[in-house]
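Read off the chains here:
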Amino acid sequence: MNRVQPAPTTPDHRPMRRLPVQSHEPLGGARPTSRDVARAAGVSQATVSLVLGEKWRGRVSERTAESVRHAADELDYRPNLAARNLRLGRTRTALLVVPALTNEFFAHVYTGAAAVAARHGFGVVLYPSPDGVGPTRDPFASAQAALDGVIASSMAADALKAFRGTGLPLVMLDSDPADPGAAAHVNLDVADGMRRVTRHLLGLGHRRFLHLASAVPSWTFDVRAAALADALRGTELRTVRAPLNVADAREAAHLALAAPGPRPTAVICDDDILAVGVGKAAHRLGLRVPEDLSVTGFDDMALATAVEPELTTVRLPAEEFGRRGMEALLAVLAGEQAPPVTLPVDLVPRGSTGPAPAV
């Protein structure tokens, strides 16, 4: 039969004080330090700094690095960024400049960039260029003092003058790879996206096309237009431009579709937003989509499946785009070469395209 042992006492019968059990966790709820992580992982503080600073490869084994990361996770360790920034002379902040905050595509780009940044102790500030077209103003008294680098996505020509000449590394997304002012380029294969659209429509028998192009003077839209013109050589192709909003797209499409002469059987749009405007114009004119008119978009935003019929469009990997942009900036900040990247795109056929109507 097991008996409960009495608590040990001192010779004068007072309860004996128990010594605390040694633990790797910091006492008193204090914020864990790199020393706590080192003790938990059984390594030196220098090794912890190498691993958590992503500088361990070639110096520390994979097993040791994993042990350090596990210990840091278990202790919920977070580096003291203020002290590190003071030491390095860095703010660990990147600026993501986009044409507009109202476009869902750029929200996904931000999500991807911010995820990579967070893993490396960086923050990302999202900043729109006025109207997506005009020159971007420096949002800080001095960008050089407040930022470590700039990522710019799908910007109009000459929109980044405020950041050129600041000495800050600039990573350009969806922009001219020949631009000498950028430290790195990450692009989407938008030309291939347009070629995929044209192959799809030509295969459905379409030969009369309207290109509803973005009115924004940007490299990405110029590339789309050039690819379209090349792929549709020998067919009837007319181009009209509209600002990137549904109302203006609807008016531009209405005028083009109601013009005298043979009507286009397919409208190819630079953006899903423009394509929604075309759908509204078609409805006002009594045209059925896709029986009388096929319509395609570009981006594959949530809007593409919110309309009826759902929109045939080009899917762009927006979050991956943001991730690769942030990775390129981090490489440049580490003194490494960031080779140019071009991400593939996909055509997503849906209900807004069909066979060309019989003449």
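As named in an unreviewed UniProt entry, the chain is LacI family transcriptional regulator, taken from Streptomyces nymphaeiformis.

A.B. asks: Give a description of helix α7 (residues 190-203) that names residues and reports values.
C.D. replies: A rise of 1.5 Å per residue sets the reference length of α7, with its 14 residues, at 20 Å; its end C-alpha atoms lie 20 Å apart and thus fit the reference within 8%. What α7 keeps buried is the set V190, A191, D192, G193, M194, V197, T198, H200 and L201. Note on α7: the residue one or two positions beyond its end, G205, has a positive phi of about 95°.

A.B. asks: For the pattern of salt bridges, give the residues involved together with the corresponding values.
C.D. replies: According to the stated counting rule, one finds 15 salt bridges in the structure shown. Note that R233 and D230 form a salt bridge whose closest N and O atoms lie 2.7 Å from each other. When its relative accessible area of 65% is taken as the criterion, R233 is described as exposed. Given the relative accessible area of 45%, D230 is considered partly exposed. Through salt bridges with shared partners, one network takes in E319, E320, R323, R324 and E327.

A.B. asks: Give a detailed account of the nonpolar core, specifying residues and quantitative values.
C.D. replies: Core analysis: the biggest nonpolar cluster contains 44 residues, and F105, L188, I268, F321 and M326 have the highest contact counts within it. Considering every element that reaches this core, the biggest residue donor is helix α11 (residues 318-333), with eight residues. Composition of this core by domain shows at least three residues from each of domain 2 (89-133 + 142-188 + 319-343) and domain 3 (190-316). F321 has contacts with F105, V109, S153, L173, D174, V186, N187, L188 and L343, leaving out every residue within four places of it along the chain.

A.B. asks: Tell me what's going on with the packing of aromatic side chains, and back it up with residues and numbers.
C.D. replies: In this description, an aromatic ring pair is defined by two values, namely the gap between the centres and the angle between the planes. Enumeration according to the criterion identifies two aromatic pairs in this entry. Between the aromatic rings of F105 and F321, the centroid separation amounts to 6.2 Å while the plane-to-plane angle is 45°, which identifies the pairing as tilted. Here F105 is found in helix α5 (residues 104-119), whereas its partner F321 is found in helix α11, with 216 residues between them in sequence. Residue F105 shares its accessibility class with F321, and that shared class is buried.

A.B. asks: Can you lay out the sheet that holds strand β11 (residues 341-343) for me, pointing to particular residues and giving the numbers?
C.D. replies: Taking strand neighbours across the sheet as the criterion, the six strands line up as β2-β1-β3-β4-β5-β11 in an open arrangement whose pairing is parallel. One side of each edge strand has no neighbouring strand; the edge strands of this open sheet are β2 (123-128) and β11. For this sheet, the mean inter-axis angle between neighbouring strands, taken without regard to orientation, is 20°. Bridge count between strand β3 (residues 149-153) and strand β4 (residues 170-173): four bridges; the pairing is parallel.

A.B. asks: Explain the side chain of H206 to me, using residue names and the numbers behind them.
C.D. replies: Its location among the elements puts H206 in the loop between α7 and β6 (208-214). The class for H206 is buried, based on a relative accessible area of 0%. A distance of 2.7 Å separates the side chain of H206 from the side chain of T265, its partner in a polar contact.

A.B. asks: How would you explain the sheet that holds strand β8 (residues 266-269) if you had to name every residue and give the values?
C.D. replies: Taken in spatial order, the four strands of this open sheet run β7-β6-β8-β9, and their pairing is parallel. The open sheet has two edge strands with one neighbour each: β7 (236-242) and β9 (294-296). Ignoring which end each strand starts from, the neighbouring axes of this sheet average 20° apart. As paired elements, β8 and β9 share three bridges and run parallel to each other. Within the sheet, the bridge partner assigned to A266 lies in β9 and is S294. Together, β6, β7 and β8 form the strand contacts of helix α9 (residues 246-257), whose direction differs from that of β7 by roughly 150°.

A.B. asks: Which residues make up the environment of P357, and what are the values?
C.D. replies: Topologically, P357 is positioned in the segment after β12 (346-348). Given a relative accessible area of 26%, P357 falls into the partly exposed group. If we skip the residues at most four places from it in the chain, P357 touches H206, T265, E291 and D292.

A.B. asks: Hey, could you go over the pairing of β3 for me, with residue numbers and the actual values?
C.D. replies: For β3, a buried count of five out of five residues is recorded, marking the element as mostly surrounded by other parts of the structure. Side chains of β3 alternate between two faces, with G149, I151 and S153 and V150 and A152 buried alike. Both strand β1 (residues 93-98) and β3 contribute to a ladder of four bridges, which runs parallel. Pairing of L96 across the sheet is with I151, part of β3.

A.B. asks: Summarise the packing of α9 against helix α10 (residues 272-284); cite the residues concerned and give the values.
C.D. replies: As a packed pair, α9 and α10 sit with axes 7 Å apart at the nearest point and diverge in direction by 50°. On the basis of their axis angle, the class for α9 and α10 is oblique. The hand of the α9/α10 crossing is right-handed. Seen from α9, the contacting residues are V246, A249, R250, E251, A253 and H254; seen from α10, they are I273, L274, V276, G277, V278, K280, A281 and R284.

A.B. asks: Provide a residue-level description of unusual backbone geometry, including the pertinent values.
C.D. replies: Here V289 and P290 are connected by a cis peptide whose omega angle stands at 10°. You can see P290 is positioned in the loop between α10 and β9. Here the bond from E308 into P309 is cis, since omega is -10°, no more than 30 degrees from zero. Structurally, P309 can be placed in the loop between β9 and β10 (313-315). Its identity as a non-glycine residue notwithstanding, D299 has a phi of 130°, on the positive side. Counting through the fold element by element, D299 comes out in the loop between β9 and β10. With a relative accessible area of 7%, D299 lands in the buried category.

How each quantity is defined
Residues numbered from 1 in each chain as written. Predicted model: local features only at pLDDT ≥ 70, side-chain atom pairs only at ≥ 80, totals over all residues. Heavy atoms only, no water. Helix = DSSP H or I, 4+ residues; strand = E, 2+ residues; numbered from the N terminus. Expected span 1.5 Å × (residues − 1). Buried < 20%, exposed > 50% of the residue type's maximum accessible area, 1.4 Å probe, protein only. Salt bridge = Lys/Arg side-chain N within 4 Å of Asp/Glu carboxyl O. Core = buried A, V, L, I, M, F, W, Y, C linked by side-chain atoms within 4.5 Å. Domains from an automatic or database assignment. Contact = heavy atoms within 4.5 Å. Phe/Tyr/Trp six-rings, centres within 6.5 Å; stacked < 30°, edge-to-face > 60°. Pairing = 2+ DSSP bridges. Axes fitted to C-alpha atoms, helices over the stretch in contact; angles between N-to-C directions. Polar contact = N/O pair within 3.5 Å; in protein donor to acceptor, adjacent residues only side chain to side chain. Parallel < 35°, antiparallel > 145°, perpendicular 65-115°, else oblique. Left-handed = near helix turned anticlockwise from the far one by under 90°.

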